[in-house]
Amino acid sequence: MSGFFDTKIEFLKGVGPQRAALINKELNIFTFGELLQHYPFRYEDRTKFFKIRELHSDMESVQVIAKIRKVELVGMGNKKRLVAQVADETGEMEMTWFKGIAWVQKNITPSAAYVFLGKPAQFGRKWSIAHPEMEPLTTANETRNNFQPIYSTTEKLKARFLDSRGISKIMEQLVQVCFPHIQETMSNEILEQYQLIGKKEAIRQIHFPTKPDLLQRARKRLKFEEFFYLQLRLLMLKVARVEKYRGQILNNTELLTEFYTNHIPFELTNAQKRVIRESYGDLKSGKQMNRLIQGDVGSGKTMVAFICALIAISSGAQACLMAPTEILATQHYSGLKEFADMMGLKIDLLTGSTKKAARRIIHEELLSGELKILIGTHALLEDIVQFQNLALAIVDEQHRFGVAQRAKLWAKNEQFIPHVLVMTATPIPRTLAMTLYGDLDVSVIDEMPAGRKPIQTVHRYDKDRLKVFGFINEEVKKGRQVYIVYPLIEESEKMDLKNVMDGYESISRAFPNYPISIVNGSMKADAKEYEMQRFVKGETKIMVATTVIEVGVNVPNASVMIIENAERFGLSQLHQLRGRVGRGAEQSYCILMSKYELSKDSRVRLETMVRTNDGFEIADVDLRLRGPGDLMGTQQSGITDLLIADLSKDAAILTLARDAAQQLLANDAELTQPENLPMLRQIKQQKKTAVNWSRIS
Ligand code: ADP
Ligand code: MG
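Residues numbered from 1 in each chain as written. Chains lettered and ligands numbered in written order. Predicted model: local features only at pLDDT ≥ 70, side-chain atom pairs only at ≥ 80, totals over all residues. Heavy atoms only, no water.

1. Side note on the overall build of the protein
Phase 1: When you go through the protein residue by residue, the secondary structure sums to 25 helices and 22 strands.
Phase 2: Taken along its principal axes, the extent of the C-alpha atoms in the protein is 95 × 70 × 40 Å.
Phase 3: Here the protein, with 697 residues, has 51% of them falling under the buried criterion.
Phase 4: If you sum the accessible surface of the protein, you get close to 33,100 Å²; carbon and sulfur atoms cover 52% of it.
Phase 5: Of note, the protein has its 94 positive side-chain charges centred 4 Å away from the centre of its 83 negative side-chain charges. (Helix = DSSP H or I, 4+ residues; strand = E, 2+ residues; numbered from the N terminus. Buried < 20%, exposed > 50% of the residue type's maximum accessible area, 1.4 Å probe, protein only. Areas by Shrake-Rupley, 256 points an atom, 1.4 Å probe, with all protein chains shown as cover. Lys, Arg positive; Asp, Glu negative; His and termini not counted. Charge placed at Lys NZ, Arg CZ, Asp CG, Glu CD.)

Below is the structure:
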């Protein structure tokens, strides 16, 4: 919205410079356009009235019609208050005011009837409402048919009579003066196809609803619009990127065929095959690939990445794989070295602890092109690491890397930006993925390798500990290995350490004959690595650890995951941890230990874990419990700036809006057709004001 809508709110009748300054400061609202988008966050049903006898303490806010019996000042000093005794035909109650007493006294008429609105509270046997909103009873308000909008406001604003009602009054004025200037932002075609009401009507209804179904349609229309433009921007970015960057054509599959016929140790799952096909489609296309592979823990993402690397190498180029931690990079390296060796391909590992001499060799061999695959941590990003021809950059567990870091990867090839394959084991609900990664292509590995037995998960209380110890004993006797994980306690590293050290001691006492590893955050990297390796090799039977083992670690012989204080973990973290077991052929178990008393959310989390192994289902529950704002990566993305739409609740509308945006661009990528003018105008307008959307990808 431009021009008129940029008018400063101080010029609105009833606002003026002083209140405008306060609104600027308190609500961060400066212009007509911004104020118009200060939508109510809920509505009060003003069609419903309660009798005094019907009041109960769960009620948030009620309307009562009552007559004033008596008004008196009671108490002294700061306890001084104005109390109105009121009554209807079912009983009596009190209305009280601690502030603004003089004004109320002056304006209240004894023995008149009023409509009171507020949250009822009970003192002794008597109901009372503090600082009710009140209006004299008229036939108009008794029979009215509307929903009162409730606007968010602040204490300071309320003190200047800008409570929800005060804002509503200003809105009346605002909507009136803005109305002739409001322009439609959607084409008729889209309005019709998705049965959306017009923008003007939507704005009027959202602030001053006349009927519940019209309010619903107004909300739907505005949510749709918000999602639509979010998606349209993301898709346009993608189109722009595809046009701007050509990709190196990687279409030689010789090595892939050789690996596939002679070396691969297992049959690929259909999902793996599909994702490889999707990626190959990009690699050979001449466009630069930017693909996200989502796959639950253990779904075999690494093999997909390796096969893509083979395609790059066959085509005369190099590949690199970047992991977030040294442990993970090392594990990827040892896993992939086995395959690379079979194929006679040179592979190496570069991390912070790679020695100087070894580094120099790596740098040389990268430049000469002899080294085909480089695995590593952030160390890969250093400027000195230069490739002869890097064509494929694979990033594991991507949420741990910032966007800036990924941009550095892009700079590793001057002629062609490398194809980028991002792998994540954090399943993201589809709706969120569409938005967070809206300009990436997404592939999903939604199938586990055959023969995996689903992990059995149980929830046990601390009092069952002896039984749990008995179970550990049995499993270790069968030759299995066990993880016992303690939460990181953010407030206090010391507490953390104490927690895990106490655990270690009691485990050592319970199992004096089993070698035990311990890994915690305060250990040096090489000490951690040493302990990890002992467990990986099977020398130790039990691994006691804080959450440092969370990502990626692969010990197929480990079949039991015990999570202590499980109520303290988030759902996605629990799911990640559980994914450390169930990687071999044996039946695996996850035991969630908790105290007896649990919050409602904790209980839902633990129940969800017990009920399902499906990462996507778990991600959905997580999104519902926490809302999108807390989920990984959403803060920086700007999607929490949504005004009315809600990613966790409005998935259906999002899907429609995404379809609409896609369809629009497919038909008119430049938005040059006359009927799409409203959309072009809106996009241009948003470009002027919008956050930098490119930071999303
Ligand atoms: P993630 O997707 O969690 O990174 P990995 O790539 O580490 O999973 O794979 C987990 C384990 O499953 C590894 O030991 C890997 O060798 C094995 N694996 C991968 N694909 C298959 C398959 N198609 N059949 C059997 N095992 C597989
Ligand atoms: Mg992995």
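2. Remarks on the sheet that holds strand 16 (residues 441-445)
Phase 1: The seven strands are arranged 12-13-11-14-15-10-16 in an open sheet whose pairing can be described as parallel. The outermost strands of the open sheet, each flanked by one partner alone, are strand 12 (347-350) and strand 16. Taking each pair of neighbouring strands and ignoring which way they run, the sheet shows an average axis angle of 20°.
Phase 2: In this sheet, strand 15 (residues 419-424) lies alongside strand 10 (residues 290-295) in parallel orientation, the contact comprising five bridges. Bridge assignment links Leu292 to a residue of strand 15, and that residue is Val422.
Phase 3: Against the sheet, helix 11 (residues 270-283) engages strand 10, strand 15 and strand 16, with an angle of about 160° to strand 16. (Pairing = 2+ DSSP bridges. Axes fitted to C-alpha atoms, helices over the stretch in contact; angles between N-to-C directions. Contact = heavy atoms within 4.5 Å.)

3. Observations regarding the pairing of strand 19 (residues 516-519)
Phase 1: What you see with strand 19 is no split at all: Ile516 and Ile518 on one side and Ser517 and Val519 on the other are buried throughout.
Phase 2: Summarising the sheet, strand 19 and strand 20 (residues 542-545) pair through four bridges and their orientation is parallel. Paired with Ser517 across the strands is Met543, a residue of strand 20.
Phase 3: In this view, the connection linking strand 19 to its parallel neighbour strand 20 by way of helix 19 (residues 525-536) has right-handed handedness. (Right-handed = clockwise from strand over helix to strand, strands pointing away.)

4. A closer look at the sheet that holds strand 21 (residues 558-563)
Phase 1: The strand order across the open sheet formed by six strands is 17-22-21-18-20-19, and the pairing between neighbours is parallel. Each edge of the sheet is formed by a strand with only one pairing partner; in this case those strands are strand 17 (456-461) and strand 19. Strand-to-strand twist of the sheet, defined as the mean angle between neighbouring strand axes without regard to direction, takes the value 15°.
Phase 2: Packed onto the sheet, helix 21 (residues 600-611) meets strand 17 and strand 22 (589-594) and runs at close to 145° relative to strand 17.

5. Overview of the packing of aromatic side chains
Phase 1: Counting across every chain of the model gives 14 aromatic pairs.
Phase 2: Aromatic side chains Phe4 and Phe32 sit 5.5 Å apart centroid to centroid with 75° between the ring planes, which places their arrangement in the edge-to-face category. One end of the pair, Phe4, is in the segment before helix 1 (16-27); the other, Phe32, is in helix 2 (residues 32-36), with 28 residues separating them in the sequence.
Phase 3: Both rings, one in Phe511 and one in Tyr514, keep their centres 5.7 Å apart while their planes meet at 25°; by these two values the pair is stacked.
Phase 4: With relative accessibility at 5%, the residue Phe511 sits in the buried group.
Phase 5: Site record: aromatic cluster; members linked through ring pairs are Tyr194, Phe224, Phe228 and Tyr229. (Phe/Tyr/Trp six-rings, centres within 6.5 Å; stacked < 30°, edge-to-face > 60°.)

6. Describing helix 21
Phase 1: With twelve residues, helix 21 extends 16 Å between its outermost C-alpha atoms, agreeing within 8% with the 16 Å of an ideal straight helix rising 1.5 Å per residue.
Phase 2: Listed as buried for helix 21 are Ser602, Arg605, Leu606, Thr608 and Met609. Looking straight down helix 21, one finds its buried side chains confined to an arc of 155°; they lie on one side. Relative to its buried face, helix 21 has exposed residues pointing more than 90 degrees away, namely Lys600 and Arg611.
Phase 3: Those residues of helix 21 hidden inside the fold are in contact with strand 17, helix 20 (571-578), strand 22 and helix 22 (615-626). (Expected span 1.5 Å × (residues − 1). Arc of directions from axis to C-beta.)

7. Comments concerning the site of ligand 1
Phase 1: Residues in contact with ligand 1 amount to 16 residues; listed here are only the nearest, Gln272, Gly298, Lys301, Thr302 and Arg452.
Phase 2: A distance of 2.9 Å separates a nitrogen atom of ligand 1 from a polar atom in the backbone of Glu267.
Phase 3: In isolation ligand 1 offers 570 Å² of accessible surface; the protein chains occlude 80% of this area.
Phase 4: Class assignment of the residues belonging to the shell around ligand 1 gives a composition of four nonpolar, seven polar and five charged. (Near = heavy atom within 4 Å. Polar contact = N/O pair within 3.5 Å; in protein donor to acceptor, adjacent residues only side chain to side chain. Nonpolar A, V, L, I, M, F, W, Y, C, P; charged D, E, K, R; others polar.)

8. As for the nonpolar core
Phase 1: Residues Phe259, Met303, Phe306, Ile375 and Leu392 are the most contacted members of the largest nonpolar core, which totals 46 residues.
Phase 2: Tallying contributions element by element places helix 12 (residues 301-314) first for this core, with eleven residues.
Phase 3: Apart from the residues lying within four places of it in its own chain, the contact partners of Phe259 are Ile264, Met303, Phe306, Leu310, Phe339 and Met343.
Phase 4: Judged by nonpolar contacts, the second largest core, of 33 residues, contains Val15, Ala20, Tyr151 and Leu174. (Core = buried A, V, L, I, M, F, W, Y, C linked by side-chain atoms within 4.5 Å.)

9. A few points about the environment of Met59
Phase 1: Turning to its location among the elements, Met59 is positioned in the loop between strand 1 (42-45) and strand 2 (62-74).
Phase 2: Placed 60 residues apart in sequence, Met59 and Lys119 show a C-alpha to C-alpha distance of 6.7 Å.
Phase 3: Apart from the residues lying within four places of it in its own chain, the contact partners of Met59 are Phe50, Glu54, Lys119 and Pro120.

10. Observations regarding the packing of helix 11 against helix 12
Phase 1: Axis separation between helix 11 and helix 12 bottoms out at 10 Å; the angle between their running directions is 35°. Remark: the crossing between helix 11 and helix 12 carries right-handed chirality. Contacts from Gln272, Val275, Ile276, Ser279, Tyr280 and Leu283 of helix 11 reach helix 12 at Met303, Val304, Ile307, Cys308 and Ile311.
Phase 2: Here the contact of helix 11 with helix 12 is composed, by residue class, of nine nonpolar, two polar and no charged. (Left-handed = near helix turned anticlockwise from the far one by under 90°.)

11. Description of the environment of Gly335
Phase 1: Locating Gly335 in the fold gives a position in helix 13 (residues 326-342).
Phase 2: For Gly335, a relative accessible area of 32% puts it in the partly exposed group.
Phase 3: Taking the C-alpha atoms as reference points, Gly335 and Met303, 32 residues apart in sequence, are found 9.8 Å from one another.

12. A closer look at the domain arrangement of the protein
When the parts of a complex come together, some accessible area is lost, and that lost area is often used as the size of the interface.
Phase 1: Split by domain assignment, the protein resolves into domain 1 (48-144), domain 2 (254-445) and domain 3 (456-612).
Phase 2: Here domain 1 and domain 3 have C-alpha centroids that lie 57 Å from each other. (Domains from an automatic or database assignment.)

13. Here's the deal with the pattern of salt bridges
Phase 1: Considering all chains together, one arrives at 29 salt bridges under this definition.
Phase 2: Note that Glu278 and Arg274 form a salt bridge whose closest N and O atoms lie 3.9 Å from each other. A residue pair is termed a helical-turn pair when its members lie 3 or 4 positions apart in one helix, as Glu278 and Arg274 do in helix 11 at four residues.
Phase 3: Looking at Glu278, the relative accessible area reads 28%, which means it is partly exposed.
Phase 4: Taking the shortest distance from any N to any O, the salt bridge between Arg291 and Asp282 comes out at 2.9 Å. Per residue, the accessibility class of Arg291 equals that of Asp282, and both read buried.
Phase 5: Bridged by salt links that share partners, the residues Arg274, Glu278, Asp282, Arg291 and Asp446 form one connected network. (Salt bridge = Lys/Arg side-chain N within 4 Å of Asp/Glu carboxyl O.)

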